[in-house]
Amino acid sequence: VGACHETGQPVLIGTRSVAASETVAGLLREKKIPFQLLNAVKHREEAKIIASAGQADAVTIATNMAGRGADIKLGKGVAELGGLHVVVSERHESGRIDRQLCGRCARQGDPGSVRTYGSLEDELVLQYGPKPLLKLLSQTISRNRPESTRLVEHLISLVQQKAQRQAYRQRQMVMQTDDWLTDALSFARSELDQ
């Protein structure tokens, strides 16, 4: 972020939560890098902030829910700087959300770039990652093995799939419960109608 900011290239940093966005904001404050914080708390300002994320020198931190539906247009001279640079600071339960964040740059023929980060200490990995595999990967990373990056990417893909399957099952259970309640309580409506 600092290197991009020095050149004037705008940066959009995506986080999973409001707490994570506040942590990133604190780190940028320490480095004296000015930024806009967009974490679905400032509803009235969201569209304005996200729309200005493509301007030269802009650094914007956003949660996955913030600024949806607002287009990021590049400011004057930004294309020559490389366009919008997106930083995926941590992965989401749904790979679709990560892809949407990555898709905020290089739109409609504009230049842009993306940098994604993954950690074995991410909440998502700790919650859904198999413990023996995490231990093995940790050892592989500590030895600076060339395959480490590819293995971490594969692990993140696996944990995202596991999280998505769990979310799907939970949605199915809610729908089944809703259907059951509708059937079970339908007699009450018919008696009240009489």
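An account of the accompanying structure is given in this report. (Residues numbered from 1 in each chain as written. Predicted model: local features only at pLDDT ≥ 70, side-chain atom pairs only at ≥ 80, totals over all residues. Heavy atoms only, no water.)

## What to know about helix α6 (residues 131-142)
Along an α-helix, residues three or four apart share an orientation, since each turn contains 3.6 residues.
Here comes step 1: Across its twelve residues, α6 extends 17 Å between first and last C-alpha, which sits within 8% of the 16 Å expected from 1.5 Å per residue.
Here comes step 2: Listing the buried residues of α6 in full gives Leu134, Leu137 and Thr140. Taken end-on, α6 shows its buried residues confined to a sector of 125°, consistent with a single buried face. Residues of α6 that are exposed and point more than 90 degrees away from the buried face comprise Lys131, Pro132, Lys135 and Ser142.
Here comes step 3: Positioned one or two residues after α6, asparagine 144 has a phi angle of 55°, which is positive. (Helix = DSSP H or I, 4+ residues; strand = E, 2+ residues; numbered from the N terminus. Expected span 1.5 Å × (residues − 1). Buried < 20%, exposed > 50% of the residue type's maximum accessible area, 1.4 Å probe, protein only. Arc of directions from axis to C-beta.)

## Concerning the sheet that holds strand β4 (residues 84-88)
Paired through backbone hydrogen bonds, the strands of a sheet run either parallel or antiparallel to each other.
Here comes step 1: Read from one edge to the other, the open sheet built from five strands follows the order β2-β3-β1-β4-β5, with strand pairing classed as parallel. Here the strands that pair on one side only, and so sit at the sheet edges, are β2 (36-38) and β5 (112-116). Along the sheet, successive strands turn relative to each other by an average axial angle of 15°, direction set aside.
Here comes step 2: Where β2 lies against strand β3 (residues 59-63), three bridges are found, and the strand directions are parallel. Directly across from leucine 38, in β3, lies its bridge partner alanine 62.
Here comes step 3: Contacts from helix α2 (residues 18-30) reach β1 (11-15), β2 and β3 within the one sheet, and its direction differs from that of β3 by about 160°. (Pairing = 2+ DSSP bridges. Axes fitted to C-alpha atoms, helices over the stretch in contact; angles between N-to-C directions. Contact = heavy atoms within 4.5 Å.)

## Remarks on a nonpolar patch on the surface
Here comes step 1: A grouping of Trp180, Leu181 and Leu185 is seen on the molecular surface, where their side chains present a nonpolar patch of about 330 Å² in accessible area.
Here comes step 2: With respect to the element layout, leucine 185 can be found in helix α7 (residues 148-193).
Here comes step 3: With relative accessibility at 45%, the residue leucine 185 sits in the partly exposed group. (Patch = residues over 30% accessible without salt bridge, like charges linked within 9 Å, V, L, I, M, F, W, Y side chains within 5 Å. Areas by Shrake-Rupley, 256 points an atom, 1.4 Å probe, with all protein chains shown as cover. Salt bridge = Lys/Arg side-chain N within 4 Å of Asp/Glu carboxyl O.)

## Section: helix α4 (residues 95-102)
Here comes step 1: For α4, every residue scored as buried is listed here: Gly95, Asp98 and Leu101. Buried residues along α4 cover an arc of 120° about the axis, so they all sit on one side.

## Quick look at the side chain of histidine 92
Here comes step 1: Along the chain, the position of histidine 92 falls in the loop between β4 and α4.
Here comes step 2: Judged by its relative accessible area of 1%, histidine 92 is buried.
Here comes step 3: In terms of polar contacts, histidine 92 uses its side chain to reach the side chain of aspartate 98, at 2.6 Å. (Polar contact = N/O pair within 3.5 Å; in protein donor to acceptor, adjacent residues only side chain to side chain.)

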